[in-house]
Amino acid sequence: MQMLKERIRKDGKIMAGNVLKVDSFLNHQMDTDLFLELGKEFRRRFADVEINKILTIEASGIGIACVVAQSFHVPVVFAKKTKTKNIAGDVYTSTVESYTHGRVYDIIVSREFLGKGDKVLLIDDFLANGKALEGLAALVEESGAELAGAGIVIEKGFQVGGNLIRSRGIRLESLAIVESMDEKTGTIVFRGDEA
Ligand code: 5GP
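The model shown is predicted, which means the values in this text are computed figures rather than measured ones.

Visitor: Please clarify how the site of the ligand should be interpreted in this entry.
Guide: Leu20, Asn129, Gly130, Ala132 and Lys156 are the nearest of the 17 residues found near the ligand. Asp124 is positioned with one of its side-chain polar atoms (N or O) 2.8 Å from an oxygen atom of the ligand. Lys156 places a side-chain nitrogen or oxygen 2.8 Å from an oxygen atom of the ligand. Surface burial for the ligand is 90%, taken as the share of its 500 Å² of free accessible area covered by protein chains. When contributions to the shell around the ligand are tallied by element, the ones reaching two or more residues are β2 (19–21), β7 (119–127) and α5 (131–143).

Here's what the structure looks like:
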């Protein structure tokens, strides 16, 4: 998506550890006009599939998922991160290893908000090693709902997540795929734009 790529080139900051910082429009301050366009683009790309629920993970996925959900006119559910395993049986649980924080945590979704008959689109801000999406996909599977696909704002194509998710047969749509980025020169190359 051209508009998004231009924004990443303009405002993205390449940090150590293959981290792309987009705090000025996606992860801290949020550009809701841009979000609206991203939502419309996901709607267009998934126009051929039935979706009745959006699922994301707290915290950074929530803002974008809300706007995407509006363009689908469906509710959005976010998986909560928890330090204590909930054994009450009223939740689905899975485990995620955090890319940016380097630790493992449990994620939960109440059985009340996900289940058989749901057709779920996963939405997240970034795709790196695919752990967050895998954790969300596991929750969907446990619930008996159907996984319609996954929508990602920025995929880092040089990390394993994209291949992992696609090889599992999950339909993945990423609005911008970073093929490479150079911390020293600040250069970002997107998939499809290589010279
Ligand atoms: P994964 O689970 O695919 O390894 O990582 C995805 C999660 O880690 C996303 O939910 C996102 O919050 C975070 N993340 C991974 N890479 C980056 C990055 O380069 N920049 C930012 N801002 N977040 C990232």
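Visitor: So what exactly am I meant to see when it comes to the packing of helix α1 (residues 2–11) against helix α3 (residues 32–45) here?
Guide: The description of two packed helices rests on the angle between their axes and on the distance between the axes. For the pair α1 and α3, interaxial distance at closest approach is 10 Å and the crossing angle is 140°. The handedness of the crossing between α1 and α3 comes out as left-handed. Every residue of α3 that contacts α1 at Met3, Leu4 and Arg7 is listed here: Leu34, Glu37 and Leu38. Looking at the contact of α1 with α3 residue by residue, the classes come out as four nonpolar, no polar and two charged.

Visitor: I'm lost on the pattern of salt bridges in this one. Help?
Guide: Side chains carrying opposite charge are able to pair once their charged atoms draw close together. A full pass over the atoms with the stated rule returns 17 salt bridges. With a shortest N-O distance of 3.4 Å, Asp193 and Lys5 are connected by a salt bridge. In this pair, Asp193 is assigned in the segment after β10 (188–190) and Lys5 in helix α1, connecting sequence segments 188 residues apart. The exposure class assigned to Lys5 is buried, which follows from its relative accessible area of 11%. In this structure, the salt-bridge partner of Glu155 is Arg166, at a minimum N-O distance of 3.0 Å. Here Glu155 is found in strand β8 (residues 146–156), whereas its partner Arg166 is found in helix α6 (residues 161–167), with 11 residues between them in sequence. When its relative accessible area of 32% is taken as the criterion, Arg166 is described as partly exposed. The structure contains a network of salt bridges with shared partners spanning Glu41, Arg44, Arg45, Asp48, Arg171 and Glu173.

Visitor: Sorry, what's going on with the side chain of Glu155 here?
Guide: Residue class for Glu155 comes out buried when judged on its relative accessible area of 2%. Side-chain polar atoms of Glu155 contact the side chain of Arg166, separated by 3.0 Å. At 2.6 Å, the side chain of Glu155 forms a polar contact with the side chain of Ser174. What Glu155 contacts, discounting residues up to four positions off in sequence, is Leu127, Gly162, Arg166, Leu172, Ser174, Ala176, Ile177, Val178 and Arg191.

Visitor: Even after reading the chapter, I still don't get the nonpolar core, so can you show me in this structure?
Guide: For soluble globular proteins, nonpolar side chains are generally found buried alongside one another. Judged by nonpolar contacts, the single largest core of 34 residues is most densely connected at Leu4, Ile8, Leu20, Leu38, Ile54, Phe72 and Ile154. Only α1, α2 (23–27), α3, α4 (60–72), β7, β8, β9 (172–181) and β10 provide two or more residues apiece to this core. Apart from residues no more than four positions distant in its own chain, Ile154 is found in contact with Ile8, Leu20, Val22, Leu26, Asp125, Phe126, Leu127, Ala176 and Val178. Of all hydrophobic cores here, the second largest spans 24 residues; its members include Val96, Ile107, Leu114 and Val140.

Visitor: What is the right way to read the environment of Lys156 from this model?
Guide: Counting through the fold element by element, Lys156 comes out in strand β8. Distance from Lys156 to Asn18, taken between C-alpha atoms, is 8.8 Å for residues 138 residues apart in sequence. Apart from residues no more than four positions distant in its own chain, Lys156 is found in contact with Asn18, Val19, Tyr99, Phe126, Leu127, Ala128, Val178 and Met181.

Visitor: Can you help me understand unusual backbone geometry in this one?
Guide: Leaving glycine out, the prevailing phi sign among residues is negative, and the prevailing peptide bond configuration is trans. That bond from Glu58 to Ala59 is cis: its omega, 0°, falls within 30 degrees of zero. Relative to the assigned elements, Ala59 resides in the loop between β3 (53–57) and α4. Here the phi dihedral of Asn18 falls at roughly 60°; this positive angle occurs in a residue that is not glycine. By the element assignment, Asn18 lies in the loop between β1 (13–15) and β2. Although it is not a glycine, His73 sits at a positive phi angle of roughly 55°.

Conventions and cut-offs
- Every residue gets a number counted from 1 within its own chain, in the order that chain's sequence is written.
- Per-residue local features are limited, in this predicted model, to residues with pLDDT of at least 70; the limit for side-chain atom pairs, both in listing and counting, is 80 or more; totals at the level of whole chains, interfaces and linings are taken over all residues.
- Only heavy atoms go into the side-chain values, all of them from the structure, while hydrogens and water stay out.
- The criterion for a residue being near a molecule or strand is simple. One of its heavy atoms has to lie within 4 Å of it.
- Under this definition, polar contacts are N or O atom pairs within 3.5 Å; protein pairs additionally need one hydrogen-donor-capable and one acceptor-capable atom, and for neighbouring residues in sequence, both atoms have to be side-chain atoms.
- Working definition of accessibility: Shrake-Rupley area with a 1.4 Å probe, residue cover restricted to the visible protein chains.
- Helix and strand labels come from DSSP, where a helix needs a run of H or I of at least four residues and a strand needs a run of E of at least two; each type is numbered from the N terminus.
- Inter-axis angles, ranging from 0 to 180 degrees, are taken between N-to-C directions of lines fitted to C-alpha atoms, where helices are fitted over the stretch in contact.
- Note: crossing handedness is left-handed where the near helix turns anticlockwise from the far helix by less than a right angle, and right-handed where it turns clockwise.
- Here, residues are in contact when the closest pair of their heavy atoms is within 4.5 Å.
- Classification used: nonpolar for Ala, Val, Leu, Ile, Met, Phe, Trp, Tyr, Cys and Pro, charged for Asp, Glu, Lys and Arg, polar for all others including Gly.
- Counted as salt bridges are all cases of a side-chain nitrogen of Lys or Arg within 4 Å of a carboxyl oxygen of Asp or Glu.
- Residue exposure (1.4 Å probe, protein chains only): buried if accessible area is under 20% of the type maximum, exposed if over 50%, otherwise partly exposed.
- Within this scheme, the nonpolar core is defined by two criteria: the residues are buried Ala, Val, Leu, Ile, Met, Phe, Trp, Tyr or Cys, and they are joined through side-chain atoms within 4.5 Å.

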